[in-house]
Amino acid sequence: MDHSTHDSAHHASPHDARAGASWGTAVKATLHCLTGCAIGEILGMVIGTALLWGNVPTMALAITLAFLFGYSFTLFAVVRAGLSLKAAIKVALAADTVSIAVMEFVDNAIIALTPGAMDAHLSDGLFWSALLGGFAVAFLVTTPVNKWMIGRGKGHAVVHAHH
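So, here is what we can say about the structure in this document. (Residues numbered from 1 in each chain as written. Predicted model: local features only at pLDDT ≥ 70, side-chain atom pairs only at ≥ 80, totals over all residues. Heavy atoms only, no water.)

1. A look at the layout of surface pockets
Condition: Both site types are read off a 1 Å grid over the protein atoms alone. A 1.4 Å probe that fits but cannot get out defines a cavity, while an open set with protein on both sides within 12 Å along at least five of seven lines defines a pocket; lining residues have an atom within 4 Å of a point. Grid points are joined across faces, edges and corners, and a volume is the space filled by probe spheres set on the points. Only DSSP runs of H or I covering at least 4 residues are called helices, and only runs of E covering at least 2 are called strands; the numbering of each starts at the N terminus. In this count, Pro and Cys sit with the nonpolar residues alongside Ala, Val, Leu, Ile, Met, Phe, Trp and Tyr, while Asp, Glu, Lys and Arg are called charged and the others, Gly among them, polar.
Estimates place the volume of the largest pocket at around 240 Å³. Along the wall of the largest pocket there are 18 residues; nearest its centre are Thr49, Asn55, Thr58, Met118 and Ala120. Looking at the lining of the largest pocket, the elements with two or more residues in it are α2 (23–50), α3 (55–80) and α5 (125–151). Looking at the lining of the largest pocket residue by residue, the class counts come to eleven nonpolar, six polar and one charged.

In structure tokens form, the structure reads like this:
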């Protein structure tokens, strides 16, 4: 084949494709992460509160479930795409760990720093406003992190290779 006439546009390097990670892609990745985190965290808060646990064990359960649900969304998607469970676990860990960690750190910091939120009950507006406000701030902080990671072939870019 004569490479001088070959259309190189079809063979852009992976770096070229990733360098232009869009904000839309980052938003979708962050919403994916937020969904799993929110389900896990709310479930953990409800369980901890229902069992009359203190703040620390309740938050530990909520964070653990946030990671579990966050990872599971990616895990199930890549298993459906044909990966083995072992390979899917590796992809989920690579794709979601930083995103979930940033989201959980920011969200829980907002809750912890909101006066009275840690002692609020599930029926209190303060509980829900601190939780939802924490999710909103976490989304705003995590989106640029995901954009940066996807642009370097990390984070959710790993998942897209399996779709």
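Now that the structure has been shown, the text picks up again.
2. Structural notes on the packing of α3 against helix α4 (residues 85–113)
Pairs of packed helices are described in terms of their axes, by the angle between the two and the distance that separates them. In plain terms, the rule: Axes here refer to lines fitted to C-alpha atoms; in helices the fit is confined to the stretch in contact. Angles between the N-to-C directions go from 0 to 180 degrees. The labels follow the angle: roughly parallel below 35 degrees, roughly antiparallel above 145, roughly perpendicular from 65 to 115, and oblique for the rest. For any helix crossing, the convention is left-handed if the near helix is rotated counterclockwise from the far helix by under a right angle, and right-handed if that rotation is clockwise.
In the contact formed by α3 and α4, the axes pass within 8 Å of each other and the chain directions differ by 140°. By the angle class used here, α3 and α4 are oblique. As for the relative orientation of α3 and α4, their crossing is right-handed in sense. In terms of residue class, the contact of α3 with α4 is made up of 17 nonpolar, four polar and two charged.

3. A closer look at α3
For clarity, the cut-off: Here the expected length of a helix is defined as 1.5 Å per residue gap, with one fewer gap than residues. Relative accessibility under 20% of the residue-type maximum defines a buried residue, over 50% an exposed one, and the middle range a partly exposed one, all with a 1.4 Å probe and only protein chains included.
The end-to-end C-alpha distance of α3 is 37 Å, a good match for the 38 Å that 26 residues give at a rise of 1.5 Å each. Buried residues of α3: Thr58, Met59, Ala62, Leu65, Ala66, Gly70, Tyr71, Ser72, Thr74, Leu75, Ala77 and Val78, and no others. Downstream of α3 by one or two residues, glycine 82 has phi in the positive range, about 115°.

4. Concerning the state of the cysteines
Condition: Two cysteine sulfurs form a disulfide in these notes if their separation is within 2.5 Å.
Counted by the stated rule, this structure contains zero disulfides. There is no disulfide at cysteine 33, and the cysteine sulfur nearest it, in cysteine 37, is 3.9 Å away. The class of cysteine 37 is buried, set by a relative accessible area of 0%.

5. Examining the packing of aromatic side chains
Selection rule: Each aromatic pair joins two rings of Phe, Tyr and Trp (for Trp, the six-membered one) with centres within 6.5 Å, and gets the label stacked for planes under 30 degrees apart, edge-to-face for over 60, and tilted for any other angle. The rule is short: NZ of Lys or CZ of Arg within 6 Å of the ring centre and within 35 degrees of the ring normal puts a charge over the ring.
Applying the stated criterion across every chain yields a total of two aromatic pairs. Between phenylalanine 67 and tyrosine 71 the ring centres are 5.9 Å apart and the planes differ by 50°, which places this aromatic pair in the tilted class. Taken together, the residues span about one helical turn, with phenylalanine 67 and tyrosine 71 both in helix α3 at a distance of four residues. Judged by its relative accessible area of 19%, tyrosine 71 is buried. Between phenylalanine 127 and tryptophan 128, the aromatic rings sit 4.8 Å apart at their centres with planes inclined by 90°, giving edge-to-face as the arrangement. Given the relative accessible area of 8%, phenylalanine 127 is considered buried. Note on tryptophan 128: relative accessible area 30%, which makes it partly exposed. Its guanidinium or amino end placed over the ring of tryptophan 23, lysine 147 lies 5.1 Å from that ring's centre, counting from NZ or CZ.

6. A closer look at the packing of α2 against α5
What counts here: Residues count as neighbours in contact if any of their non-hydrogen atoms are within 4.5 Å of one another.
Where α2 contacts α5, the axes come no closer than 8 Å and their chain directions differ by 145°. Taken as a pair, α2 and α5 cross one another with a handedness that is right-handed. Together, Trp23, Thr25, Ala26, Val27, Ala29, Thr30, Leu31, Leu34, Ala38, Glu41, Ile42 and Met45 of α2 and Phe127, Trp128, Leu131, Phe135, Phe139, Thr142, Thr143, Pro144, Asn146, Lys147 and Ile150 of α5 make up the contact between the two elements. Of the residues that constitute the contact of α2 with α5, the class distribution is 16 nonpolar, five polar and two charged.

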